[in-house]
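Here are the chains, one letter per residue:
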Amino acid sequence: APVITYALANTVTHQLTADGITSFGTYTGSQQLVISLSGPTQVCANSTGNVYTTDAGKTNYVWVVSNGGTITGGGTATDNTVTIAWNTAGPQTVSVNYNMSSNPTVLNVIVNPLPVPTITGLSSVCAGTTGVNYTTETGMTGYTWTISAGGTITAGAGTKTITVTWNTAGAQNVSVNYTTSNSCNASTATVYNVTVNPLPVPVITGASSVCIGTTGVTYTTETGMTGYSWTISAGGTITAGAGTKTITVTWQTEGAQSVSVNYTNSN
């Protein structure tokens, strides 16, 4: 039977023995090792614990990672695995060689950037306001909204748009995170600050006791507002100033009467 011996180099020598006749043939060429390499090729920036594996039982492993990654485990001359933290978005690579092969295997890796969610909606509202909408990017999954204690989500949780009632005056906020089509989410949720303004409490100054038939009685509230709305009971008549901060009244009927006002402040 033939006996064949190989030298793993650029020259392979064949020794053939048959019927007592020995002959030699030499073939000059290149016999390359095929080095396997597997692991995740689509990852998120700042992801850790990404394991890449090559053939076991070899010697002199040489692992090389592009600048966007850091070896956090394995990756020595005796390891057939390496664990990588991918720090920088963009095209990256990991490669491995062993047994002094001249051609390492290179695996291309895409490191996807983390999203930065945006939020649109009212940043200044009045206490007690209902139906306030806040919206972020469309086409994502796993929308997670959080709202500070002064507000309540009344609709839209888990979607791109929520509806909020702001109950408490003061500094409030709404935040969101989500997962992109590349299975990445922001390292921290986006926070949107909202000022919830207290409702005004109008005051009225003027005569609280008058004689029937008295004319020219003035009542005044705060200055600098808009939309002044005065109301007077049936025993009196507004004779001037409707829509302003000061009205003039004639009281025609005796008994308990009243005057009221509302307005819109600068908020």
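Let us look at the structure shown here. Keep in mind that this is a model prediction, so the values were computed, not measured. (Residues numbered from 1 in each chain as written. Predicted model: local features only at pLDDT ≥ 70, side-chain atom pairs only at ≥ 80, totals over all residues. Heavy atoms only, no water.)

This paragraph deals with the state of the cysteines. Counting across every chain of the model gives one disulfide. Covalently, Cys44 is tied to Cys184 through a disulfide, its sulfur atoms 2.0 Å apart. Across the S-S bond of Cys44 and Cys184 the torsion is about -100°, and the bridge reads as left-handed. You can see Cys44 sitting in strand 4 (residues 42-44) and its partner Cys184 sitting in the loop between strand 17 (170-179) and strand 18 (190-197), a full 140 residues away along the chain. (Disulfide = S-S within 2.5 Å. Helix = DSSP H or I, 4+ residues; strand = E, 2+ residues; numbered from the N terminus.)

Hydrogen bonds along the backbone pair up the strands of a sheet, which may run parallel or antiparallel. A sheet is described by the order of its strands in space; here four strands give the open sequence 12-18-17-14, paired in mixed fashion. Two strands in the sheet have a free side with no partner beyond their single neighbour: strand 12 (124-126) and strand 14 (141-147). Each strand axis lies, on average, 25° off the axis of its neighbour in the sheet, ignoring direction. Relative to strand 18, strand 17 runs antiparallel, the two sharing seven bridges. Bridging from a neighbouring strand, Gly170 pairs with Val196 of strand 18. (Pairing = 2+ DSSP bridges. Axes fitted to C-alpha atoms, helices over the stretch in contact; angles between N-to-C directions.)

This next bit is on the packing of aromatic side chains. Enumeration over the complete set of coordinates arrives at seven aromatic pairs. One aromatic cluster is present, formed by Tyr134, Trp166 and Tyr192 through successive ring pairs. (Phe/Tyr/Trp six-rings, centres within 6.5 Å; stacked < 30°, edge-to-face > 60°.)

The subject of this paragraph is the side chain of Ser95. Within the secondary structure, Ser95 is located in strand 9 (residues 90-97). The residues contacting Ser95, other than those within four sequence positions of it, are Leu37, Val62, Trp63, Val64, Thr105 and Val106. (Contact = heavy atoms within 4.5 Å.)

Our focus in this paragraph is the environment of Ala127. Mapped onto the secondary structure, Ala127 falls in the loop between strand 12 and strand 13 (132-135). The spatial distance from the C-alpha of Ala127 to the C-alpha of Gly170 is 8.6 Å, given a sequence separation of 43 residues. In contact with Ala127, not counting residues within four places along its chain, are Trp166, Asn167, Ala169, Val196, Asn197 and Leu199.

Our next topic: the sheet that holds strand 9. Spatial strand order, 4-10-9-6: four strands in an open sheet with mixed pairing. Sheet topology places strand 4 and strand 6 (62-65) at the edges, where each strand pairs with a single neighbour. In this sheet, adjacent strand axes meet at a mean angle of 25° when their direction is disregarded.

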